[in-house]
Every structure is written in C-alpha cells, then in structure tokens.
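# A look at the structure
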Amino acid sequence: MIIIQESEVIKLLFGVGVLIYFFITKKKILELPHHNLLFFAYIIVFLGWVITVLEGLFYEQFLNLIEHSCYTVSSLILCLWCYLVFIKDDAK
C-alpha cells in the first residue's frame, strides 16, 4: 500500500527551494566559516527528506532506518560546525 503524507512532500519541496537558494547565494555562503560542513549537513538532511517520501513507496522499514540515520549524521555534523565556529574560535 502506498502511503505518502502531504506534509512530507511539502517539506521536500521547501527543501528544494532552500537548495536552490543555496546555489543562488553561493558567493555569500562561501564566506561563512567552515561552509563545507554546513552545506554537507544540509545535503544529508535533504537526503533524509527524499528518503522519507520514498519509504511510502517501497522498503518502508529499511528506508525508515536510513532516513533517521541521515537525520542523526546531519545533526552531528551541524554540532561539529557549531563547535568549530562558536566555541573553538573563541578559545584562541
């Protein structure tokens, strides 16, 4: 049975919009410290949003595990970025 929630599709569409915004304002994003970590964290959470829509179509249990793994990894990378930008730089 195919179960895709509208809120998941809307979240994915907003995520695509933010991804487009990232590419439009690429010059300003590159000025941020450790911008590669921040972008990588967003790409992984975006992948989680894609997977949450796909899990309604097939391999529900497996894709659910992968989706939540993406959220966890993205959160850890974002924590690392926050540490590098706000805490480590202050220690100098």
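Our structure is the block above this text.
Let us look at the structure shown here. (Residues numbered from 1 in each chain as written. Predicted model: local features only at pLDDT ≥ 70, side-chain atom pairs only at ≥ 80, totals over all residues. Heavy atoms only, no water.)

For helix α4 (residues 60–88), spanning 29 residues, the distance from its first C-alpha to its last is 40 Å, which sits close to the expected 42 Å at 1.5 Å a residue. All buried positions along α4 are accounted for by Leu 63, Glu 67, Cys 70, Tyr 71, Ser 74, Ile 77, Trp 81, Leu 84 and Val 85. Residues of α4 that are buried in the fold lie against α1 (6–24) and α3 (35–54). (Helix = DSSP H or I, 4+ residues; strand = E, 2+ residues; numbered from the N terminus. Expected span 1.5 Å × (residues − 1). Buried < 20%, exposed > 50% of the residue type's maximum accessible area, 1.4 Å probe, protein only. Contact = heavy atoms within 4.5 Å.)

Another point: the packing of aromatic side chains. Counted by the stated rule, this structure contains seven aromatic pairs. Between Trp 81 and Phe 86, the aromatic rings sit 5.9 Å apart at their centres with planes inclined by 90 degrees, giving edge-to-face as the arrangement. Pairwise contacts between aromatic rings join Phe 22, Phe 23, Phe 39, Tyr 42, Phe 46 and Trp 49 into one cluster. (Phe/Tyr/Trp six-rings, centres within 6.5 Å; stacked < 30°, edge-to-face > 60°.)

Another point: the packing of α3 against α4. Contact geometry for α3 and α4: axes closest at 8 Å, N-to-C directions at 165 degrees. The angle between the axes of α3 and α4 places the two elements in the roughly antiparallel class. Of the two possible hands of crossing, α3 and α4 adopt the one that is left-handed. Contact residues: α3 offers Leu 37, Leu 38, Phe 40, Ala 41, Ile 44, Val 45, Leu 47, Gly 48, Trp 49, Ile 51, Thr 52 and Leu 54, while α4 offers Leu 63, Ile 66, Glu 67, Cys 70, Tyr 71, Val 73, Ser 74, Ile 77, Leu 78, Leu 80, Trp 81 and Leu 84. Split into classes, the residues belonging to the contact of α3 with α4 amount to 20 nonpolar, three polar and one charged. (Axes fitted to C-alpha atoms, helices over the stretch in contact; angles between N-to-C directions. Parallel < 35°, antiparallel > 145°, perpendicular 65-115°, else oblique. Left-handed = near helix turned anticlockwise from the far one by under 90°. Nonpolar A, V, L, I, M, F, W, Y, C, P; charged D, E, K, R; others polar.)

Structurally, Ile 66 can be placed in helix α4. For Ile 66, a relative accessible area of 28% corresponds to the partly exposed category. Residues Ile 66 and Glu 31, spaced 35 residues apart in sequence, show a C-alpha to C-alpha distance of 32 Å.

Below, the discussion takes up α3. Under the 1.5 Å per step criterion, the end-to-end length of α3 is 29 Å for 20 residues, consistent within 8% with the ideal 28 Å. Looking at the buried residues of α3, the elements they touch are α1 and α4.

The geometry of α1 relative to α3 is characterised by a closest axis approach of 9 Å and an angle of 150 degrees between their N-to-C directions. For the element pair α1 / α3, the angle class is roughly antiparallel. Crossing of α1 over α3 shows left-handed handedness. Across the interface between the two elements, Glu 8, Val 9, Lys 11, Leu 12, Gly 15, Val 16, Val 18, Leu 19, Phe 22 and Phe 23 from α1 touch Phe 39, Tyr 42, Ile 43, Phe 46, Trp 49, Val 50, Thr 52 and Val 53 from α3. Grouping the amino acids of the contact of α1 with α3 by side-chain chemistry returns 14 nonpolar, two polar and two charged.

Geometric values such as these leave the question of function open.
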